[in-house]
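# Structure at a glance
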Amino acid sequence: MAMNTSTENIKVVDHKINYNNLVFYVIDTTNSILNIDHTMGYDAIILDASDPEYARIVLKKIRSHYNPEFYLKPVFLLNFKETKDPLLNNMHDGLMTSYDQVVSMSEVAKRIFLKTTQLDNQLIPSFEGQTVKKVLNYMYTRDIRTLKPIVDLNSSIGYTYPELSINFTNTEEPQVLEILEWADREGLIWPDFYERVYLCNNCNSGALSYREVCPHCNSANSKSEDLVHHFPCAYIGPISDFQNNIDSSLNCPKCNKTLRHIGIDYDKPSVIHHCNNCDQNYQDAFIKSKCLSCEDDIDVKYLVPKTVNIYKLTRKGRSAATSGFLSSSLEVDDIFGTINMQTLRIMLHYELEKVKESPAQKTSIALVHLENIFELYNKIGKKGERKLLEELVAVVRENIKSSDVIAFESSSTLYLMLTNTASENAEQKLKNLTALTENLIKKNFNSFKVNLLYKVKMLDANKKAEVQLQELSKDFFA
Ligand SMILES: [Zn+2]
Ligand SMILES: [Zn+2]
Ligand SMILES: [Zn+2]
């Protein structure tokens, strides 16, 4: 019996296919949608898309994961049906109609792996930087050069950029525009005008209902009529003044003549509106737009216009995936009650001089890292992030001495210098601060559970400040 050699080896055993030194894992509706983390270790995923809703949720889980092992994983869709969903349409690596196609998909997977090994893995210390790097990594491994907006009824602004938007919920889409503006400022992408959208000035939603309203009472309950101007007698009035109940002829209420030809003996110079709510007549209606999200009724001139661009990667953007990039601004520098890292180094230097002179004086340094805080920044946006950091500083400030200092290295990492504090006391202090901070975030940010980690070290009089900071960070992150 003749058998196709390629299909001979392709068997699905316990959700797995071994082929060409790769292990493909098949995810279908028999897998729990809640946890797909166990698929992390496989080389590629075959996702059964016969149920598009299920496939969408799983694909989003994979691609929005923070771990590159996960979000860069080759994903192939099996039994894909045509859909309008930009996410399902754009965030897969190939479509399969049968398992035999594992043969060609294994080549695709290997190509993606090879590119993955070329990526730069340095962490970028800002939410925007981290998000953009993730997108650039994905684009690089898939040979994508442009970020295109796609019409999406589910997006709160009407458009979505799948490669970036997948990291956000539909209502967070306005943040996607902010991230793109940031990447543009950083010189990573180059904008080309595509379309303009108008957003609610209260909640940034683009789901707006426009209508003409009465300028006196804002009601949309009105009827409109043509105004008629009868030339022979100069009478002007709404067309209903000229109409009768019997036929369609028009008769002038002033001179009783029958109107003949429009443009000859009469014309219709404009339209008149009558408000059924306040009973007033008016000629120019206001145009208002009601936000379907927050229900604010906004004068159209106060809507927020936003340009939706097609973005091309710049040279810097193209090389950023493989060689990293430095963000030009660390916006955590100027939070009240903190100093910047440069000043911290200088202060540590003088503190060391003091410790050398009087060895009884103990000073500790601590590194505090909010491990999963970007998940929260993701939700609360730039303003929320800043507010959180300000509140955090206020809490820490209340619990340390005025001679102690706080310096942010990034919006997820900060350093403390605790004067006259030996390491046991410092340890205790940090423990308290951790509890207070966790509580603060939990209380103010929708029960978010922050993973707060810290490390404390006593200053060593015989080592340079710079070196001690490096050691602390190395001990911590290694
Ligand atoms: Zn009115
Ligand atoms: Zn007349
Ligand atoms: Zn709104």
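Just so it is clear, the model here is predicted, and its values are computed rather than measured.

Reading the values: rules and limits
Residues numbered from 1 in each chain as written. Chains lettered and ligands numbered in written order. Predicted model: local features only at pLDDT ≥ 70, side-chain atom pairs only at ≥ 80, totals over all residues. Heavy atoms only, no water. Pairing = 2+ DSSP bridges. Helix = DSSP H or I, 4+ residues; strand = E, 2+ residues; numbered from the N terminus. Axes fitted to C-alpha atoms, helices over the stretch in contact; angles between N-to-C directions. 1 Å grid on protein atoms, 1.4 Å probe; cavity = no way out; pocket = protein on both sides within 12 Å on 5 of 7 lines; lining within 4 Å. Points joined across faces, edges and corners; volume = space filled by probe spheres on them. Domains from an automatic or database assignment. Nonpolar A, V, L, I, M, F, W, Y, C, P; charged D, E, K, R; others polar. Donors = N, O, S within 2.8 Å, 3.2 Å for Na, K, Ca; no water. Buried < 20%, exposed > 50% of the residue type's maximum accessible area, 1.4 Å probe, protein only. Patch = residues over 30% accessible without salt bridge, like charges linked within 9 Å, V, L, I, M, F, W, Y side chains within 5 Å. Areas by Shrake-Rupley, 256 points an atom, 1.4 Å probe, with all protein chains shown as cover. Salt bridge = Lys/Arg side-chain N within 4 Å of Asp/Glu carboxyl O. Core = buried A, V, L, I, M, F, W, Y, C linked by side-chain atoms within 4.5 Å. Contact = heavy atoms within 4.5 Å.

Spatially, the three strands line up as an open sheet ordered β10-β16-β17, and their pairing is antiparallel. The outermost strands of the open sheet, each flanked by one partner alone, are β10 (208-213) and β17 (297-299). Direction aside, the axes of adjacent strands within the sheet are offset by 35° on average. Pairing between β10 and strand β16 (residues 286-291): six bridges, direction antiparallel. Across the sheet, Tyr 210 pairs through a bridge with Ser 289, a residue of β16.

Now for empty space enclosed by the protein. In this structure the tally under the stated criterion is four cavities of 30 Å³ or more. Lining the largest cavity we find 14 residues, and of these Arg 56, Leu 87, Thr 160, Ser 165 and Asn 170 sit closest to its centre. Listed by contribution, the elements that provide at least two residues to the lining of the largest cavity are α2 (52-63), α4 (86-90) and α7 (162-165). Composition of the lining of the largest cavity by domain shows at least three residues from each of domain 1 (9-116) and domain 2 (144-212 + 290-326). Space inside the second largest cavity adds up to approximately 80 Å³. Lining the second largest cavity, in full, are Val 368, Leu 370, Leu 392, Val 396, Leu 414, Leu 416, Leu 430, Leu 433, Thr 434, Thr 437 and Leu 452. Where the lining of the second largest cavity is concerned, the elements lending two or more residues are β19 (364-370), α11 (373-398), β21 (413-418) and α12 (423-444). Here the lining of the second largest cavity takes four residues from α12, the largest share from any one element. When its residues are assigned to classes, the lining of the second largest cavity shows nine nonpolar, two polar and no charged.

Moving on to the coordination of the zinc ion (ligand 1). Within the protein, the atoms that donate to the zinc ion (ligand 1) are Cys 214 (SG), Cys 217 (SG), Cys 275 (SG) and Cys 278 (SG), at distances of 2.3 to 2.4 Å. Along the chain, the residues that donate to the zinc ion (ligand 1) are spaced as C-x2-C-x57-C-x2-C. Here Cys 217, found in the loop between β10 and β11 (222-230), pairs with Cys 278, found in the loop between β14 (271-275) and β15 (281-282); they are 61 residues apart in sequence, far enough to count as distant. For Cys 217, a relative accessible area of 27% puts it in the partly exposed group.

Residues Tyr 198, Tyr 210 and Ile 287 make up a contiguous nonpolar surface patch of roughly 300 Å² in combined accessible area. Among the secondary structure elements, Ile 287 is positioned in strand β16. The class of Ile 287 is partly exposed, set by a relative accessible area of 41%.

For the structure shown, the criterion picks out 17 salt bridges. The closest approach of N and O atoms between Asp 297 and Arg 211, which form a salt bridge, is 2.7 Å. Here the residue Asp 297 occupies a position in strand β17, and Arg 211 occupies one in strand β10, the gap between them amounting to 86 residues. Lys 301 is the salt-bridge partner of Asp 299, the closest N and O atoms lying 3.6 Å from each other. Under the relative-accessibility criterion, Asp 299 is labelled buried at 19%.

Moving on: the nonpolar core. Ranked by size, the top nonpolar core spans 80 residues in total, and within it Leu 47, Tyr 161, Ile 373 and Leu 416 carry the most contacts. It is α11 that provides the largest number of residues to this core, a total of nine residues. Residues within four places of Tyr 161 in sequence aside, it is in contact with Leu 147, Lys 148, Pro 149, Ile 166, Glu 173, Val 176, Leu 177, Leu 180, Val 308, Asn 309 and Tyr 311.

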